[in-house]
Amino acid sequence: MNLKSLIPAARDRNVAAYNPFASIYRELDRMMEDFGRGVPGFAAGAQGLMPATDVVETDKEIEITAELPGLEEKDVKIELSDNVLTIRGEKKAEKEEKDKNYRMIERSYGAFSRSLELPAGVDSGAIKATIANGVLKVTVPKPAPAQAKTIEVKAAK
């Protein structure tokens, strides 16, 4: 009797890699992405709430620019903790349309947060932030490069 003939054919395949529901999961993910597309605050992690951010580094400073249309200085909070700069805020929008046969009011709101790791040694007192026309500009002076120090070795007595 051949022992190999007693082993079911399915065991020859890699069972762990086979998932009969994989195509269903992919289709559900695609449907949810399509459903939320174009709806502010819903699609794939609320991309409508996440501000577009640019980071530019020069010899002397790091400049962070974030697009925050409709926000003012009272709507934005900036914190520095353990060399991580965090920009927080809340976007609120309201749109109202009136006609003789209908009245429509749309409201959207939500909080956002962006965090960026800064180099060690940044002076938190020297960071400057301004907002104008919905554009936040944060300027972070770069710390001086660490200087290597030679330590003299002496013979023990």
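Residues numbered from 1 in each chain as written. Predicted model: local features only at pLDDT ≥ 70, side-chain atom pairs only at ≥ 80, totals over all residues. Heavy atoms only, no water.

### Some details on the overall build of the protein chain
Tallying secondary structure elements over the protein chain gives 1 helix and 7 strands in all. Residue burial in the protein chain is summarised as follows: out of 157 residues, 17% are buried. Long-range pairs, those at least 24 residues apart, make up 48% of the contacts in the protein chain with a sequence separation of at least 6. Total accessible area on the protein chain is roughly 13,100 Å²; 52% of this is exposed by carbon and sulfur atoms. (Helix = DSSP H or I, 4+ residues; strand = E, 2+ residues; numbered from the N terminus. Buried < 20%, exposed > 50% of the residue type's maximum accessible area, 1.4 Å probe, protein only. Contact = heavy atoms within 4.5 Å. Areas by Shrake-Rupley, 256 points an atom, 1.4 Å probe, with all protein chains shown as cover.)

### Looking at the side chain of Thr-139
Here Thr-139 lies in strand β7 (residues 135–141). By relative accessible area, Thr-139 is classed as buried at 17%. Residue contacts for Thr-139: discarding those within four places in its chain leaves Glu-61, Ile-62, Ala-126, Ile-127 and Lys-128.

### Describing the pairing of strand β3 (residues 76–81)
Where β3 meets strand β4 (residues 84–98), 6 bridges bridge the pair, whose relative direction is antiparallel. Note that in β4 the partner of Glu-79 across the bridge is Thr-86. Hairpin connection between β3 and β4: a loop of 2 residues separates the two successive antiparallel strands, and Asp-82 in this loop has a positive phi of roughly 50°. (Pairing = 2+ DSSP bridges.)

### Points about the sheet that holds strand β6 (residues 128–132)
The 4 strands lie next to each other as β1-β2-β7-β6, forming an open sheet whose pairing is antiparallel. Edge positions in the sheet fall to β1 (53–57) and β6, since each of these pairs with one other strand and no more. Across the sheet, the mean angle separating the axes of adjacent strands is 15° when strand polarity is ignored. Inspection of the sheet shows strand β2 (residues 61–67) paired to β7 by 7 bridges, in the antiparallel sense. When the sheet's bridge partners are listed, Glu-67 is paired in β7 with Val-135. (Axes fitted to C-alpha atoms, helices over the stretch in contact; angles between N-to-C directions.)

### Focus: the side chain of Thr-86
Assignment of secondary structure puts Thr-86 in strand β4. Side-chain polar atoms of Thr-86 contact the side chain of Ser-115, separated by 3.1 Å. Sequence-distant contacts of Thr-86, defined by excluding residues within four places in its chain, comprise Lys-77, Ile-78, Glu-79, Ser-113, Arg-114 and Ser-115. (Polar contact = N/O pair within 3.5 Å; in protein donor to acceptor, adjacent residues only side chain to side chain.)

### Focus on the sheet that holds β3
The 3 strands lie next to each other as β3-β4-β5, forming an open sheet whose pairing is antiparallel. The open sheet terminates on both sides in strands that have one partner only, identified here as β3 and β5 (103–117). Here the strands of the sheet are splayed against their neighbours by 10° on average, with no regard to which way each runs. Note that β4 and β5 share 15 bridges and pair antiparallel. The residue bridging Lys-95 from the neighbouring strand is Glu-106, located in β5.

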